[in-house]
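# Coordinate analysis (summary)
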Amino acid sequence: QVQLIESGGGLVQAGGSLRLSCVASGRTLSDYDMGWFRQAPGKEREFVAAVSSSGGRTRYTDSVKGRFTISRDNAKNTVYLQMNGVKAEDTAVYFCAASFYTNIVATATSGYRYWGQGTQVTVSS
């Protein structure tokens, strides 16, 4: 069993930056690919970014490429999402998740086994 706790969300002005963190407990994070997803009110949960278990591969949804960066520190059992140049459409609850797979870097929610409770990100325009 893996427990995931996100932090770092909040209110930020458009064009600003935030760094989200996700700390894992229960098992070592290096066993899992990790992902960030988001869900805006009235919308389905959508893929944002993912990183392989080793950190060597990453994927991003097109709307955040060049603005967001996913990274991980396996020694700290932590995954990060650096969000730069945020836009109003980035407003959502952000969830981190641990995948069923290793080195697949899945983008579908069905590929992830463990989920955090989420952290709210609100971008004011």
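Refer to the structure presented above.
Every chain begins its residue count from 1, and numbering advances along the sequence as written. Local features are withheld for residues below a pLDDT of 70 in this predicted model, meaning they are given only at 70 or higher, and side-chain atom pairs are given and counted only at 80 or more; totals for whole chains, interfaces and linings count all residues. Calculation of side-chain values draws on the structure's entire complement of heavy atoms; hydrogens and water are dropped beforehand.

## Re the packing of aromatic side chains
Ring geometry is summarised as follows: Phe, Tyr and Trp rings, the Trp one being its six-membered ring, pair when their centres sit within 6.5 Å, and such pairs are stacked at plane angles under 30 degrees, edge-to-face over 60 and tilted between the two. Throughout the structure, instances matching the rule amount to six aromatic pairs. For the ring pair F37 and Y112, a centre distance of 5.0 Å and an interplane angle of 75° mean the geometry is edge-to-face. Of the two residues, F37 sits in strand 4 (residues 34-39) while Y112 sits in strand 10 (residues 112-115), which places them 75 residues apart along the sequence. With respect to burial, F37 and Y112 carry one shared label: buried. Here a set of aromatic residues connected by ring pairs shows up, and it is made of F37, F47, Y112 and W115. We call a charge positioned over a ring when the NZ of a Lys or the CZ of an Arg lies within 6 Å of the ring centre and within 35 degrees of the ring normal. The aromatic ring of F95 is capped on one face by R45, whose charged end is 3.7 Å from the ring centroid. In this structure, R45 packs its charged tip against the face of W115, placed 4.9 Å from the ring centre. Strands here mean DSSP runs of E at least two residues long; helices mean DSSP runs of H or I at least four residues long; both are numbered from the N terminus. Relative accessibility decides the category of a residue: with a 1.4 Å probe and only protein chains considered, values under 20% of the type maximum give buried, values over 50% give exposed, and everything between is partly exposed.

## Some details on the pairing of strand 4
A large share of strand 4 lies buried, amounting to five of its six residues. Pairing of strand 4 with strand 5 (residues 46-51) involves five bridges; the strand directions are antiparallel. Its bridge partner lying in strand 5, W36 is registered against A49. For two strands to be treated as a pair, DSSP must find at least two bridges joining them. Hairpin geometry of strand 4 and strand 5 is characterised by an intervening segment of six residues between the two adjacent antiparallel strands and by a positive phi of about 75° at G42.

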